[in-house]
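Structural overview for review
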Amino acid sequence: MNALAQDEGSQNLATYNFAYLDEQTKRMIRRAILKGIAVPGYQVPFASREMPMPYGWGTGGVQVTAAIIGPDDVLKVIDQGADDTTNAVSIRAFFAKTAGVATTTATPDATIIQTRHRIPETPLTQGQVLVYQVPIPEPLRFLEPRETETRKMHALEEYGLMHVKLYEDIARNGHIATTYAYPVKVEGRYVMDPSPTPKFDNPKMHQSEALQLFGAGREKRIYAIPPHTEVVSLDFEDHPFEIQHFDQPCAMCGAVEVYLDEVVLDDKGGRMFVCSDTHHCESRQADGHRGALLGESPGAGDDAGAEKEAIR
Amino acid sequence: MTAIPQTNAVYEGGFSDPVGASQVVFRALMDAMARPGTIQVLPDVTAPPAPLSASASALIATLADADTPVWLDAALTKSSAIRDWIVFHTGAPVVSNPSDAAFALVAAPQNLSALNGFSLGTQEFPDRSTTIILQVSTLSDGAQLTLEGPGIKDQAQLAPDPLPQHFENQWRANRAAFPRGVDLILAAPGCVAALPRSTRLVRREA
């Protein structure tokens, strides 16, 4: 797919600026990114542009990526951990075409990783930038619909309502039932929505080596977590924050302590659990790790991968 | 102001490759802001009239446009050349009141009286603050500052010079106003560092 950038099609795209956005838009987004980094967790309003894709497909993330990307960058895009879903493939192709950048599916090779709803299992390194696509950036929005009020709550650091919400979870279910978009407090100040990542990924945000940028296109907000920043999931002393645990290893690569997707196999209750991070799973299989459903044949991996794709 | 400057200095010395140059300059600045205490290399892409430095002018040309009022310190307003250069190359309005500015360019930091004369933003909108670009001669040979905060693993060192008077006290006051406050960009020859408002100064042992 890297060859796409170099084809003659890019000649005909001379009417587009590098990375699609015009320079004034990039400047505006860049200024918002700098403010976001300076005030970690604070949602900076920005003049989000209409993009050649619908809201909900990552317009915020795409605008952030377009504002920071350069010709030497290597871009990886994941959607729920997968490099091979429509959203991920389209956005990779978009930047290969409009910016002529190299793309990859390998986490360690990427300089910019745009993500929808997952953080890669492979630990990120210094120099990498993780760009999140965010649908609803305001963690308090479902508790208080008025922007004027939530803004005041952030200004006054008034986050009692969020704790009440978590408490009500406990009162109803006996435990905190929030499993994704689990609210975090950044550097002891702003409560932030980590975008709908599973809470499994929350600990990876804490003291990350990589810069994390969040773009919400429809809601017109950009926020950021610099590297080595405290990101604490909200909890109670008697109900401490816990991540999901899985009873079985990945059926394809045998990985444990990774986030697994449940895949229904037939209409008789058959199911398997596989890594949500496709690059992690594939590189483990390449290293010879074999899960319960993969058998011993080296060719089996392709079939099972295709099956998984069909089910999605 | 008389209309025609004596030289072409005002019209020349902008980005020859605005798209590429501003991206490279921005990434250096973004890394500097995300990792306070680190020194990032800036390419030599602008040639502004003196005393505006190449680094500071590259940064302002990357960041400023018609939406961002720019304030200039006394050293930069001695002649109209700097003002004209900025207006011509960025389109940014130059303002005389520091609290109206989105960006401030300071060529003589030692003469800068107070950081809190700039806009600190509001508690609701802390992003509506001034970002100050200080033109410094060095980032490693001045009095050492020890930094802590987001973007810094344990501690980081930076030794910029010159800095505004009573800088450590001023910066503590700026940090105390968090999330309001100004952000500093330190533009040295060929390189850039940053002190976002989230950075704390560690008091030196007496």
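Just so we're clear, the structure is a prediction, and the values are computed from it rather than from any experiment.

**Some words on unusual backbone geometry**
Residues and elements named next belong to chain B. Here the bond from Ala-50 into Pro-51 is cis, since omega is 5°, no more than 30 degrees from zero. Note on placement: Pro-51 falls in the loop between strand S1 (40-41) and helix H2 (54-63). In this structure, Pro-179 follows Phe-178 across a cis peptide bond, with omega equal to 10°. Relative to the helices and strands, Pro-179 resides in the loop between helix H4 (167-176) and strand S8 (183-188).

**Description of the sheet that holds strand S4 (residues 103-106) of chain B**
Residues and elements named next belong to chain B. Taken together, the 7 strands give an open sheet; going across it, the order is S1-S9-S8-S5-S4-S2-S3, and neighbouring strands pair in mixed fashion. Looking along the sheet, the strands with just one partner apiece sit at the ends: S1 and strand S3 (94-95). Alignment of S8 against strand S9 (residues 191-195), held across 5 bridges, turns out to be antiparallel. The residue bridging Leu-186 from the neighbouring strand is Ala-193, located in S9.

**Concerning the nonpolar core**
B:Ile133 and B:Leu186 are the most contacted members of the largest nonpolar core, which has 118 residues in total. Discounting chain neighbours no more than four positions away, the residues touching B:Leu186 are B:Leu134, B:Val136, B:Leu139, B:Pro160, B:Val192, B:Ala193, B:Ala194 and B:Leu195.

**Thoughts on the environment of A:Ala106**
Its location among the elements puts A:Ala106 in the loop between strand S3 (102-103) and strand S4 (112-116). Spatially, the C-alpha atoms of A:Ala106 and A:Val44 are 31 Å apart, while their sequence positions differ by 62 residues.

**Describing the domain arrangement of chain A**
All names here are of chain A. Domain annotation of chain A identifies domain 1 (2-139 + 182-233) and domain 2 (260-311). Between domain 1 and domain 2, the residue contacts involve 12 residues of the former and 6 residues of the latter. Each residue belonging to the side of domain 1 that touches domain 2 can be placed in one class, and the counts come to 3 nonpolar, 5 polar and 4 charged.

Conventions we followed
Residues numbered from 1 in each chain as written. Chains lettered and ligands numbered in written order. Predicted model: local features only at pLDDT ≥ 70, side-chain atom pairs only at ≥ 80, totals over all residues. Helix = DSSP H or I, 4+ residues; strand = E, 2+ residues; numbered from the N terminus. Pairing = 2+ DSSP bridges. Core = buried A, V, L, I, M, F, W, Y, C linked by C-beta atoms within 7 Å. Buried ≥ 20, exposed ≤ 12 C-beta atoms within 10 Å, placed from the backbone. Contact = placed C-beta atoms within 7 Å. Domains from an automatic or database assignment. Nonpolar A, V, L, I, M, F, W, Y, C, P; charged D, E, K, R; others polar.

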